[in-house]
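Structural overview
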Amino acid sequence: MFVDSHCHLNYAGLVEDQPAVLARARAAGVSAMLNISTRASEWDAVLATAEREDDVMASIGIHPHEADVHPDVETETLVARAEHPKVIGIGESGLDYYYDRSDRDRQRQSFRAHVAAARETGLPLIVHTRDAEDDTYAILSEEMEQGAYPALIHCFTASRDFADKVLALGLSISISGIVTFKNARDLQETARQIPADRLLIETDSPFLAPVPHRGRPCEPAYVADTARFLAQLRGEEVEHLAATTTANFYRLFSKARS
């Protein structure tokens, strides 16, 4: 059984046919899905899906693209909303200097507010980083010195050096369907080396459909395709990788066990 540790079930491309999307995921062996929020306006809908579906859980957070339009979402707001029994993670939050859709200072402020919420609640911080390795690592390490908190880098596409640094901080790493792409040689090499007890898998659906589904909206069922590719890459049986990544998910997102 697989866990999709990061999907957007309430995004266009999935929400229009959500019952069928969920049915296909379950038929593919997906036993749990973490439905990620990216802006305050979608929190209620994301939570409603988790309340309705036993195998769907939720996160509360503000994506770095949305940081400018959410200056009022501070640690206290995140902590209060995280009291919901189906909220098991904080985020996604982080830094995105590729698109720069929000001011970088505001991104950094929002990111630190999310770190503080993860520290206060004990829920894992779900980190988005793109073209911002140095600042992302600086904030993660500086904040870790202020007090430990659980976290993972989602949809990992960064360098091997960044992987080594965040692993040394105690973070986990989640691999998406990007690892199946032909031009992802560096990521594939990094994915081979991630310690087994720090590895998770995800779809980031409806984005980044893995081979052989390129060109279609991604959906949680496709996490099985990523898992098969990743298992072959690492020289493992897919059943072993499924069991390991599932155990890692429930160890990191410990609130999900209840």
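The following refers to the structure shown. (Residues numbered from 1 in each chain as written. Predicted model: local features only at pLDDT ≥ 70, side-chain atom pairs only at ≥ 80, totals over all residues. Heavy atoms only, no water.)

**As for the overall build of the protein**
As a reminder of what qualifies: Segments assigned H or I by DSSP are reported as helices when at least four residues long, segments assigned E as strands when at least two residues long, and all are numbered from the N terminus. Radius of gyration means the value over C-alpha atoms here, while the globule rule gives 2.2 Å times the residue count to the 0.38 power. When accessible area is computed with a 1.4 Å probe and restricted to protein chains, residues below 20% of their type maximum are described as buried, those above 50% as exposed, and intermediate ones as partly exposed. Throughout, a residue-residue contact means that at least one pair of heavy atoms, one from each residue, lies within 4.5 Å. Reported accessibility uses the Shrake-Rupley method at a 1.4 Å probe radius. Residues are deemed covered only where the shown protein chains occlude them. By the counting scheme adopted, Arg and Lys are positive, Glu and Asp are negative, and His together with the chain ends is not counted. To locate a charge, take NZ of a lysine, CZ of an arginine, CG of an aspartate or CD of a glutamate.
Secondary structure summary: the protein contains nine helices and eight strands in total. Taking 258 residues into account, the globule formula puts the C-alpha radius of gyration at 18 Å, and the protein, at 17 Å, falls close to it. Counting only C-alpha atoms and orienting by the principal axes, one finds that the protein spans roughly 45 × 40 × 35 Å. Looking at the 258 residues of the protein, the share that counts as buried comes to 59%. Counted over contacts in the protein with a minimum sequence separation of 6, partners at least 24 positions apart contribute 72%. Surface summary for the protein: the accessible area is close to 10,600 Å², and the carbon and sulfur share equals 48%. Distance between charge centres in the protein, computed from 26 positive and 40 negative side chains, equals 4 Å.

**Quick notes on a negative patch on the surface**
Note the threshold: A patch consists of residues whose relative accessible area exceeds 30% and which take part in no salt bridge; residues with like charges are grouped when within 9 Å of each other, and nonpolar side chains (Val, Leu, Ile, Met, Phe, Trp, Tyr) when within 5 Å. The term salt bridge refers to a side-chain nitrogen of Lys or Arg lying within 4 Å of a carboxyl oxygen of Asp or Glu.
Together, Asp72, Glu74, Glu76 and Glu120 make up a region of like negative charge exposed at the surface. Among the structural elements, Asp72 can be located in the loop between strand S3 (56-60) and helix H3 (75-81). Among the residues examined, Asp72 registers a relative accessible area of 58% and is labelled exposed.

**Looking at the pairing of strand S5 (residues 125-130)**
To keep it simple, the criterion reads: DSSP calls a pair of strands paired once it identifies at least 2 bridges connecting them. We call a crossover right-handed when, viewed with the strands running away from us, the connection from the first strand over the helix to the second turns clockwise.
Within S5, five of the six residues are buried, which leaves it mostly tucked inside the rest of the structure. Taken together, the five bridges between strand S4 (residues 87-96) and S5 define a ladder with parallel strand orientation. The partner of Ile90 across the bridge, within S5, is Leu125. In the classification by handedness, the crossover that spans S4, the intervening helix H4 (residues 104-121) and the parallel S5 is right-handed. As judged from the three bridges shared by S5 and strand S6 (residues 151-153), these two strands associate in the parallel manner. What sits directly across from Val127, in S6, is Ile153. Handedness of the S5-helix H5 (residues 133-146)-S6 crossover: right-handed.

**Considerations on the packing of aromatic side chains**
Short version of the rule: Working definition: a ring pair exists when centres of Phe, Tyr or Trp rings (six-membered ring for Trp) sit within 6.5 Å. Plane angles under 30 degrees give stacked, over 60 give edge-to-face, the rest tilted. The rule is short: NZ of Lys or CZ of Arg within 6 Å of the ring centre and within 35 degrees of the ring normal puts a charge over the ring.
Taken as a whole and assessed by the stated rule, the structure comprises five aromatic pairs. Each ring, one from Tyr11 and one from Phe207, has its centre 5.8 Å from the other, and the planes form 80°; the classification is edge-to-face. Taken together, the residues Tyr11 in the loop between strand S1 (2-7) and helix H1 (18-27) and Phe207 in the loop between strand S8 (199-201) and helix H8 (223-234) connect sequence positions 196 residues apart. Geometrically, the ring pair formed by Tyr98 and Tyr99 is edge-to-face, given 4.8 Å between the ring centres and 85° between the ring planes. Classification of Tyr98 as partly exposed rests on a relative accessible area of 45%. Members of the aromatic cluster, connected to one another through ring pairs, are Phe249, Tyr250 and Phe253. One cation-aromatic arrangement involves Arg130 over Tyr98; the distance from NZ or CZ to the ring centre is 3.6 Å. Here Arg214 stacks its cationic end above the ring of Phe181, 3.7 Å away from the centre of that ring.

**Topic: the packing of helix H7 (residues 185-193) against H8**
Under the convention used in this document: The axes are straight lines fitted to the C-alpha atoms, using for helices just the contacting stretch, and the angles between their N-to-C directions are given from 0 to 180°. Every angle not falling under 35 degrees, over 145, or within 65 to 115 is termed oblique; those three ranges are roughly parallel, roughly antiparallel and roughly perpendicular. In this classification, Asp, Glu, Lys and Arg are treated as charged, Ala, Val, Leu, Ile, Met, Phe, Trp, Tyr, Cys and Pro as nonpolar, and every other residue, Gly included, as polar.
Where H7 meets H8, the axes come as close as 9 Å, and the angle between the chain directions of the two elements is 75°. The orientation of H7 relative to H8 falls into the category roughly perpendicular. Contacts between H7 and H8 involve Gln188, Ala191, Arg192 and Gln193 on the former and, on the latter, Phe229, Leu230, Leu233 and Arg234. Classifying every residue of the contact of H7 with H8 by side-chain character gives four nonpolar, two polar and two charged.

**Some details on the pattern of salt bridges**
Summed over the entire model, instances satisfying the criterion amount to 18 salt bridges. Between Glu219 and Arg24 there is a salt bridge; the shortest N-O distance is 2.7 Å. Pair noted here: Glu219 is in the loop between S8 and H8 and Arg24 is in helix H1, with a separation of 195 residues, a long-range link. Residue Glu219 is classed as buried on the basis of its relative accessible area of 8%. By relative accessible area, Arg24 is classed as partly exposed at 38%. Across the salt bridge formed by Arg39 and Glu66, the nearest N and O atoms sit 3.4 Å from each other. Here Arg39 is found in the loop between strand S2 (30-35) and helix H2 (43-52), whereas its partner Glu66 is found in the loop between S3 and H3, with 27 residues between them in sequence. Of the residues examined, Arg39 reaches a relative accessible area of 26% and is grouped as partly exposed. Given the relative accessible area of 18%, Glu66 is considered buried.

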